[in-house]
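Chain by chain, the residues:
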Amino acid sequence: KVDQYGNINICFHGRHLLKKEKRDLYPGMRILHAEIGKRFHPLNTFFSLSEASVYAAIIDYFESDETNTKKPKEEIQSSSINLTYANLYSDVYLSLIHI
């Protein structure tokens, strides 16, 4: 969760609170304004709650099974799949705007 000035208030990966070691990767606990919309997407409406919830569930799904070879940690490319965090978010967003 980021406030209007880019200060990070709370961090999750999937549905899990990030540990302090991961949060320390963001010095000053701030996100630069230039990164919003590129690496980070604003979720600032009630509609965004469903978007964030579905996206978190999908991240948990792909990262929960240790035998799952389609983890989005690395980009997986084949003729029919390109699985990254960015593509997963795009798929969730495009799916929800059609509902």
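Going by the structure above, here's the rest.
Keep in mind it's a predicted model, so treat the numbers as computed, not measured.

**A short note on helix H2 (residues 46-64)**
Step number 1: Between the first and last C-alpha of H2 there are 27 Å, a value that for 19 residues agrees with the 27 Å anticipated at 1.5 Å per step.
Step number 2: Among the residues of H2, those classed as buried are Ser-48, Glu-51, Ala-56, Ile-59, Asp-60, Phe-62 and Glu-63. End-on view of H2: buried residues confined to an arc of 165 degrees, all on one side of the axis. Facing away from the buried side of H2, by more than 90 degrees, are the exposed residues Phe-46, Leu-49, Tyr-61 and Ser-64.

**Considerations on the side chain of Asp-60**
Step number 1: Position of Asp-60 relative to the elements: it lies in helix H2.
Step number 2: The side chain of Asp-60 sits in the buried core without any salt bridge; Arg-15 is the nearest counter-charge, 4.4 Å away.
Step number 3: A polar contact of 3.2 Å, which involves the side chain of Asp-60, links it to the backbone nitrogen of Arg-15.
Step number 4: Among residues more than four places away in sequence, those in contact with Asp-60 are His-13, Gly-14, Arg-15 and His-16.

**Structural notes on the layout of surface pockets**
Step number 1: Quantified by volume, the largest pocket comes out at close to 1900 Å³.
Step number 2: Lining the largest pocket are 46 residues, with Lys-1, Phe-12, Phe-40, His-41 and Leu-43 sitting closest to its centre.
Step number 3: Of all the elements in the fold, those that place two or more residues in the lining of the largest pocket are strand E1 (12-13), strand E2 (16-17), H2 and helix H3 (85-97).
Step number 4: With 10 residues, H2 is the largest single contributor of residues to the lining of the largest pocket.

Conventions and cut-offs
- Residues numbered from 1 in each chain as written.
- Predicted model: local features only at pLDDT ≥ 70, side-chain atom pairs only at ≥ 80, totals over all residues.
- Heavy atoms only, no water.
- Helix = DSSP H or I, 4+ residues; strand = E, 2+ residues; numbered from the N terminus.
- Expected span 1.5 Å × (residues − 1).
- Buried < 20%, exposed > 50% of the residue type's maximum accessible area, 1.4 Å probe, protein only.
- Arc of directions from axis to C-beta.
- Lys, Arg positive; Asp, Glu negative; His and termini not counted.
- Salt bridge = Lys/Arg side-chain N within 4 Å of Asp/Glu carboxyl O.
- Polar contact = N/O pair within 3.5 Å; in protein donor to acceptor, adjacent residues only side chain to side chain.
- Contact = heavy atoms within 4.5 Å.
- 1 Å grid on protein atoms, 1.4 Å probe; cavity = no way out; pocket = protein on both sides within 12 Å on 5 of 7 lines; lining within 4 Å.
- Points joined across faces, edges and corners; volume = space filled by probe spheres on them.

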